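# Structural overview
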Amino acid sequence: MPRTTPLDDAPLDDAPLDDAALAASLDGGFSSRHADVDGVRLHYVEGGDPAGAPLVLLGGWPQTWWQWRKVLPDLARRYRVIAVDLRGMGGSAKPEGGYDKKTLARDVHGLLVRLGIGSAHVVGHDIGAMVAYAFAANHPEATRKVALLDVAHPDEGWAAMPLLPREDLRHLWWFAFNQVHGLPEQLLAGRSRILLDWLFAAMTTRPEDIDEHARAVYARAYDPPEAIRAGNDWYRAFGQDIADLATYAPVTAPLLALGGEHSNHRRLAADVPALGTDTRVVRIDGSGHYLPEENPQAVVEELTRFLG
């Protein structure tokens, strides 16, 4: 059965949507905090064992740090856990620029410096996985181990994605939609829930694993036009990300990739070995793209086995 949180069974009208209340609802002593890093205000949620190894969690589009809610309490028993809203996400600032993954990784590194953390394990899902890899590539001295959930870093092959659907490939139409300037904000402002429901229906094995309350949290985060624009800017930076990857040597930190059985595990198995000198790819059975929400128990087991 899917892992639940104290809010999963609460009446939706009574369940909080703000970060402070959400963090306080989780076991592990979590609290919602902000820090100014190089002129950008970042939101993060921290908890767990203060004496444990630091563990940074980076989420993806169109979600927030709340996507980790089912794994946070278990990880908190072993690690000092820091779940970060990237620049442009949730409670973090949404400036006009800086959405390439190298800059986002610099934001995360700056946050660790502010927190007095010299090195950490870094785990990312979706956009966060791209940032996690960029972190390991650009800040090797601050990287203990790195894990990528269902996505790797943009590479040259991404520029050849077909515009028309093909039966042998998932049609990632939103990669193109998110490149358009101005129109997504007009279409989705106040209506992001429509897109969320479509994505969760199309890319999960069991859509109910992402409950009504979580969808309300994500819709609240992405309804404002500036949030839609900022989230799309992560995609508009893919060209720069591809160029940056060409300058990176394979990372030397141990690298784990977790891919959903009904999502990207085959693509990761083909692509990840070239990204590092010590890599491993694991399939998460019974899961689509949203691994921490669809099969949190397997994610916790694989991460703790890998991180130690």
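Cut-offs and rules
- Residues numbered from 1 in each chain as written.
- Predicted model: local features only at pLDDT ≥ 70, side-chain atom pairs only at ≥ 80, totals over all residues.
- Heavy atoms only, no water.
- Pairing = 2+ DSSP bridges.
- Helix = DSSP H or I, 4+ residues; strand = E, 2+ residues; numbered from the N terminus.
- Axes fitted to C-alpha atoms, helices over the stretch in contact; angles between N-to-C directions.
- Contact = heavy atoms within 4.5 Å.
- Patch = residues over 30% accessible without salt bridge, like charges linked within 9 Å, V, L, I, M, F, W, Y side chains within 5 Å.
- Areas by Shrake-Rupley, 256 points an atom, 1.4 Å probe, with all protein chains shown as cover.
- Salt bridge = Lys/Arg side-chain N within 4 Å of Asp/Glu carboxyl O.
- Buried < 20%, exposed > 50% of the residue type's maximum accessible area, 1.4 Å probe, protein only.
- Right-handed = clockwise from strand over helix to strand, strands pointing away.

Now for the sheet that holds strand E7 (residues 255-260). The strand order across the open sheet built from 8 strands is E1-E2-E4-E3-E5-E6-E7-E8, with neighbouring strands paired in mixed fashion. A single partner strand is all that each edge strand has here, and the edge strands are strand E1 (31-37) and strand E8 (279-284). If you compare each strand with its neighbour and ignore which way they point, the axes differ by 25 degrees on average. In the sheet, strand E3 (residues 53-58) pairs with strand E5 (residues 120-125) via 4 bridges, with the strands oriented parallel. Along E5, the bridge assignment pairs Leu57 with Val123. Strands E1, strand E2 (40-48), E3, strand E4 (79-85) and E5 of the sheet are contacted by helix H3 (residues 101-114), whose axis makes an angle of about 105 degrees with E1. Of the strands in this sheet, E3, E4, E5, strand E6 (143-149), E7 and E8 touch helix H13 (residues 296-307), which is tilted by about 165 degrees from E7.

Quick look at a nonpolar patch on the surface now. There is a patch of nonpolar side chains on the surface, built from Val180, Leu183 and Leu187 and spanning about 220 Å² of accessible area. Within the secondary structure layout, Leu187 lies in helix H6 (residues 183-188). Given a relative accessible area of 41%, Leu187 falls into the partly exposed group.

Here we come to the pairing of E6. Counting buried positions along E6 yields 5 of 7 residues, so the element is predominantly enclosed. Note: E5 against E6, 5 bridges, orientation parallel. Paired with Ala120 across the bridge in E6 is Thr143. With helix H4 (residues 127-138) bridging E5 and its parallel neighbour E6, the resulting β-α-β unit is right-handed. Of the strand pairs in this sheet, E6 and E7 are connected by 4 bridges, and their pairing is parallel. Bridge pairing in E7 places Leu149 opposite Leu258.

By themselves, these observations are geometric and do not establish any function.
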